[in-house]
Every structure is written in C-alpha cells, then in structure tokens.
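Here are the chains, one letter per residue:
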Amino acid sequence: MHISVDIIFKIAAIGILVSVLNLVLKHSGREEQAMMTTLVGIVVVLFMVIQMISELFATVKTMFQLY
C-alpha cells in the first residue's frame, strides 16, 4: 500500500470544486442542487477513503498471513 500526496491533492480538488459549485448554485437560488452537489462530493471522497481502508486491511491480512 503506497499512500502518496496525490490522494490528498485529489481530495482537496474535489473539496474546492464542490465548494465553488455550492456557492454558485446557492447564489443562483438553487439550494436543492447545491445540497445534492455537496452530498455527491462527500460520497465520492468516502468511496476513495473506503478503497484505501480496504487496501490497508488487505495489506494487514497479507502481512500476518490471515485467511
């Protein structure tokens, strides 16, 4: 498992993009779409984190030779 700075930049880019879209949508009077954009951003980041945790568990399983 190799964690690089790249994943941090990806999460930060998603956060910046979601916040800009959220501001634009709120100022145009579309609060519902702004909320959905925020939720989609959170779900995308959670999937990235879940994938990293899955890789961590696979590495631990391999390291301790658990079956």
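Analysis parameters
Residues numbered from 1 in each chain as written. Predicted model: local features only at pLDDT ≥ 70, side-chain atom pairs only at ≥ 80, totals over all residues. Heavy atoms only, no water. Salt bridge = Lys/Arg side-chain N within 4 Å of Asp/Glu carboxyl O. Helix = DSSP H or I, 4+ residues; strand = E, 2+ residues; numbered from the N terminus. UniProt positions renumbered as here; feature names shortened; annotations may be inferred. Patch = residues over 30% accessible without salt bridge, like charges linked within 9 Å, V, L, I, M, F, W, Y side chains within 5 Å. Areas by Shrake-Rupley, 256 points an atom, 1.4 Å probe, with all protein chains shown as cover. Expected span 1.5 Å × (residues − 1). Buried < 20%, exposed > 50% of the residue type's maximum accessible area, 1.4 Å probe, protein only. Contact = heavy atoms within 4.5 Å.

### Quick look at the pattern of salt bridges
Then comes step 1: One pass over the structure, following the stated rule, counts one salt bridge.
Then comes step 2: A salt bridge links aspartate 6 to lysine 10, with the nearest nitrogen and oxygen atoms 3.7 Å apart. Taken as a pair, aspartate 6 and lysine 10 lie in helix 1 (residues 5–27) at a separation of four residues, close to a single helical turn.

### Focus on the UniProt feature "transmembrane region" (unreviewed entry) in the chain
Then comes step 1: Per the UniProt record, the feature "transmembrane region" (unreviewed entry) sits at residues 7–25 and 37–58.
Then comes step 2: Between the first and last C-alpha atoms of residues 7–25 the distance is 27 Å; the span itself is 100% helix and 0% strand.
Then comes step 3: Counted over residues 37–58, helix gives 100% and strand 0%. Its end C-alpha atoms are 32 Å apart.

### Focus: a nonpolar patch on the surface
Then comes step 1: A contiguous nonpolar patch, built from Met35, Met36, Leu39, Ile42, Val43, Leu46, Phe47 and Ile50 and spanning about 800 Å² of accessible area, is present on the exposed surface.
Then comes step 2: Structurally, valine 43 is set in helix 2 (residues 31–63).

### As for helix 1
Then comes step 1: The terminal C-alpha atoms of helix 1 lie 33 Å apart, and with 23 residues this matches the ideal 33 Å at 1.5 Å per residue to within 8%.
Then comes step 2: Residues Ile7, Val18, Asn22 and Leu25 constitute the buried set of helix 1.
Then comes step 3: Where helix 1 is buried, its residues meet helix 2.
Then comes step 4: Positive backbone phi, approximately 85 degrees, marks glycine 29, located one or two places after helix 1.

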